[in-house]
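Structural overview for review
Listed below, chain by chain, are the residues.
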Number of protein chains: 2
Amino acid sequence: MALPQSWLTPPPGPSGKHAAIAAERQQVLTKPPGSLGQLEQLAITLAGLTGSNAPTVDPVRMVVFAGDHGVCAEGVSAFPQAVTAQMIANFAAGGAAISVMAKQLGASLEVVNLGTVGEVPELDGVIHQVIAPSTANMVETPALSPDQVAAALTSGDQAAERSANAGCRLFIGGDMGIGNTTSAAALACALLGLPPERLVGPGTGLNREGVTHKARVVEKALARHGNDRDALSVLASLGGFEIAALAGAILGCAARRIPVLVDGFIVSAAALVAVQRQPGARDWLIFAHRSAEPGHDAVLEALDATPLLDLGMRLGEGSGAAVALPLLRAACALHNHMASFADAGVSGKSGE
Amino acid sequence: MALPQSWLTPPPGPSGKHAAIAAERQQVLTKPPGSLGQLEQLAITLAGLTGSNAPTVDPVRMVVFAGDHGVCAEGVSAFPQAVTAQMIANFAAGGAAISVMAKQLGASLEVVNLGTVGEVPELDGVIHQVIAPSTANMVETPALSPDQVAAALTSGDQAAERSANAGCRLFIGGDMGIGNTTSAAALACALLGLPPERLVGPGTGLNREGVTHKARVVEKALARHGNDRDALSVLASLGGFEIAALAGAILGCAARRIPVLVDGFIVSAAALVAVQRQPGARDWLIFAHRSAEPGHDAVLEALDATPLLDLGMRLGEGSGAAVALPLLRAACALHNHMASFADAGVSGKSGE
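A brief look at the structure comes next. As the structure is a prediction and not an experimental result, all values here were calculated from the model.

A separate point is the overall build of chain A. A tally of regular secondary structure across chain A gives 15 helices and six strands. The principal-axis extents of the C-alpha atoms in chain A amount to approximately 70 × 40 × 40 Å. Within chain A, buried positions represent 62% of all 352 residues. Expressed as a percentage of contacts within chain A between residues at least 6 apart in sequence, the contacts between residues at least 24 apart total 77%.

Our next topic: the side chain of Thr135(A). All names here are of chain A. Within the secondary structure, threonine 135 is located in the loop between β3 (126–128) and α6 (146–165). Judged by relative accessible area, threonine 135 falls into the buried class, the value being 6%. Here the side chain of threonine 135 touches glycine 70 through a polar contact of 2.9 Å, landing on its backbone nitrogen.

Taking burial as the measure, the nine residues of helix α5 (residues 97–105) of chain B include seven buried ones, the bulk of the element. When α5(B) is considered as a whole, its buried residues turn out to be Ala97(B), Ile98(B), Ser99(B), Val100(B), Met101(B), Ala102(B) and Leu105(B). The inward-facing, buried residues of α5(B) contact α14 (319–337) of chain A together with β1 (60–66), α4 (82–93), β2 (108–113) and α14 (319–337) of chain B. At the exit of α5(B) stands Gly106(B), carrying a positive phi of roughly 70°.

Turning our eyes to something else, we now look at the relation of the copies chain A and chain B. Overlay of chain A on chain B (RMSD 0.0 Å): rotation 180°, translation along the axis 0.0 Å. These values place the two chain copies in the arrangement generated by a two-fold rotation axis. A symmetric contact is evident, with 100% of the interface residues of chain A recurring at the interface of chain B.

Attention now moves to the side chain of Asp68(A). All names here are of chain A. Inspection of the secondary structure puts aspartate 68 in the loop between β1 (60–66) and α4 (82–93). Buried charged residue aspartate 68 carries no salt bridge. Nearest counter-charge: lysine 214, at 14 Å. Reaching out from aspartate 68, the side chain makes a polar contact with the side chain of threonine 84 at a distance of 2.7 Å. Those residues within four positions of aspartate 68 in sequence are excluded, and the remaining contacts are Gln81, Thr84, Gly115, Thr116, Val117, Gly118, Pro133, Ser134, Thr135, Ile178 and Phe241.

Moving on: the packing of helix α2 (residues 16–28) of chain B against α14(B). All names here are of chain B. Between α2 and α14, the least distance of the axes is 10 Å, while the angle of their chain directions is 75°. When the axis of α2 is compared with that of α14, the two are roughly perpendicular. In contact with Ala22, Arg25 and Gln26 of α2, α14 contributes His335, Asn336 and His337. Looking at the contact of α2 with α14, its residues break down into one nonpolar, four polar and one charged.

This paragraph deals with the pattern of salt bridges. Residues and elements named next belong to chain B. All chains considered together, the criterion is met by twelve salt bridges over all chains. As a salt-bridge pair, glutamate 40 and lysine 31 come within 2.9 Å of each other at their nearest N and O atoms. According to the relative accessible area criterion, glutamate 40 is buried, its value standing at 9%. You can call lysine 31 buried: its relative accessible area is 2%. The closest approach of N and O atoms between arginine 162 and glutamate 110, which form a salt bridge, is 2.8 Å. Residue arginine 162 is located in helix α6 (residues 146–165), and its partner glutamate 110 is located in strand β2; the two are separated by 52 residues in the primary sequence. We classify arginine 162 as partly exposed; its relative accessible area is 24%.

In this section: the pairing of β2(B). Residue and element names in this part refer to chain B. Note that β1 and β2 share six bridges and pair parallel. In the sheet register, valine 64 faces β2, and the bridge partner there is valine 111. Looking at chain direction, β2 and strand β3 (residues 126–128) are connected through three bridges and run parallel. Following the sheet pairing, valine 111 is matched in β3 by valine 126.

Applying the stated criterion across every chain, the model contains two aromatic pairs over all chains. When the centroid spacing of 6.1 Å and the interplanar angle of 25° are considered together, the rings of Phe79(A) and Phe341(B) count as stacked. Of the two residues, Phe79(A) sits in the loop between β1 and α4 while Phe341(B) sits in helix α15 (residues 341–344), which places them in two different chains. Taken individually, Phe79(A) and Phe341(B) each receive the classification buried, so the pair is uniform in this respect.

Reading guide: rules and limits
Residues numbered from 1 in each chain as written. Chains lettered and ligands numbered in written order. Predicted model: local features only at pLDDT ≥ 70, side-chain atom pairs only at ≥ 80, totals over all residues. Heavy atoms only, no water. Helix = DSSP H or I, 4+ residues; strand = E, 2+ residues; numbered from the N terminus. Buried < 20%, exposed > 50% of the residue type's maximum accessible area, 1.4 Å probe, protein only. Contact = heavy atoms within 4.5 Å. Polar contact = N/O pair within 3.5 Å; in protein donor to acceptor, adjacent residues only side chain to side chain. Least-squares fit on C-alpha atoms with pLDDT ≥ 70 in both. Lys, Arg positive; Asp, Glu negative; His and termini not counted. Salt bridge = Lys/Arg side-chain N within 4 Å of Asp/Glu carboxyl O. Axes fitted to C-alpha atoms, helices over the stretch in contact; angles between N-to-C directions. Parallel < 35°, antiparallel > 145°, perpendicular 65-115°, else oblique. Nonpolar A, V, L, I, M, F, W, Y, C, P; charged D, E, K, R; others polar. Pairing = 2+ DSSP bridges. Phe/Tyr/Trp six-rings, centres within 6.5 Å; stacked < 30°, edge-to-face > 60°.

If you want it as structure tokens, here you go:
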């Protein structure tokens, strides 16, 4: 199976011209220059990404990718594997956190089922692109075959394409997969050359013994994997279906000039893969929040990212990005609708 | 002039029963317990404050109190004093940050003019309760007379009463007043017994020399004021019309069971006054953001407050609280609309 074009080709860059115009505008709006803090840079960034003097993030598309993990056989999660399939039904029924947020924020929500151990019925709003019931156990063997990686990347790229076709101006990717903090930690360790103790955390709620065991599992997987830091090899060896799809979606969005609001630990691990493969993709990423999962810090640092929120969230599904979305809307509204000193007849700084 | 009842009488407390029910509900929603981070405690707090099993913050009322400061004669601000009156017109015309945010967020906005040196014409949405063109210069004399303090507190209490009459479930107070970070720093120093160097900052954009001069001005005012830490004395001696009104509004809201989303440095200084006078008012305060103004940290610490956002904002007007409002809405929506494990047929933690 072929890899998507967005994996193979560098993405376009943002518009420096529009960013420069936006930076000038921020200096003349009726507020002390700099007083909107991070919201100012956010507006400038979005002006560059959207190539517009009146940046917007709407309409927003949210896509949750779900898949099961073979490494669950090692006992790495506080929740049973059946939850992945059960949560797909919960997304569709509107009862999950991301469903509630999508509805409240007026964003369209898609759920992509990439394969679960539990059975998933036909459900409205769920796209079935089943690769296998689960990845293989990464401790024993590569988690995904080359064809499976290509299928997952393609699923992500297609989600980006659907978003572009729907005219969406912002993409929020989410994850569902019991065991996926184990996979994300292993991926990040392999890509960054960091030890598992630094990146493995409690996930959905392991106690200290559980975290120690999980770190040993990641260590075994890394020992089997070796030192290969090629993005595709790492993804196949240690990835999950949903993490590969998220990496594909990020590159697919960058290729199509759609900014991505990055959620927590899982999506950031996928972003690390995407940026490793195409460094230019970094420009298209805005980081929503710092997860309570301890490994997130190292991944954010590697991506030179300062997230907007730090609320101790660690839910996944894209929920942290959804909660941060109104900050992007605020940055755009303030940038587009505030009066300038000249227009409002307000005096500027004394002696200027 | 009489002080408002809310200044004289302790406010009611939140409903412990509703908070306890909300805390239990957070444990059974379809997410790992604790994984929504601060949003969980926020929903529990709002359930207690609203006395409801389905907490809401809507409708939201925003009120900006504006007034001029005699201490501007000492050259403590980067902007000319005319800006206070000019910005009142900008609020009414919709061009200020808080105007843009109120519109975007569907909140009603009132502006209360307590007195400015510049002329303010009749304007839609502006309530004129002029006390004087300006406070007195706090370096030389108490900034407000006892009658002026009572008038400002009453103006704030009346804003709370209008909010209650309109059925509002959340109050956001904002400030406009060139020179008011000087007054707020002086107030906080007097109430907390801290030195000016700790609390004085650049405000709208002073350079280092300007900050040093401003600290000396505050030191002079504190030397004149002496060691009296009584809330009313401190407010009269070092306050501004808008800061006193904000303190009155906070106590007025607490008295009427309306939660207050506290903005940055100025509103927090007003909150410090309010809580000093009526410690029970603290229960009604939710802190929106950590201001870039360096003195905010000490005030937040004294109020035992952990704000939701830390975006480097320092604009005032209530803008930081407005930007944080969607987080409260998210907390309520998730609490009220997420499915429970039982309802959604999702398995809980393994072995539980």
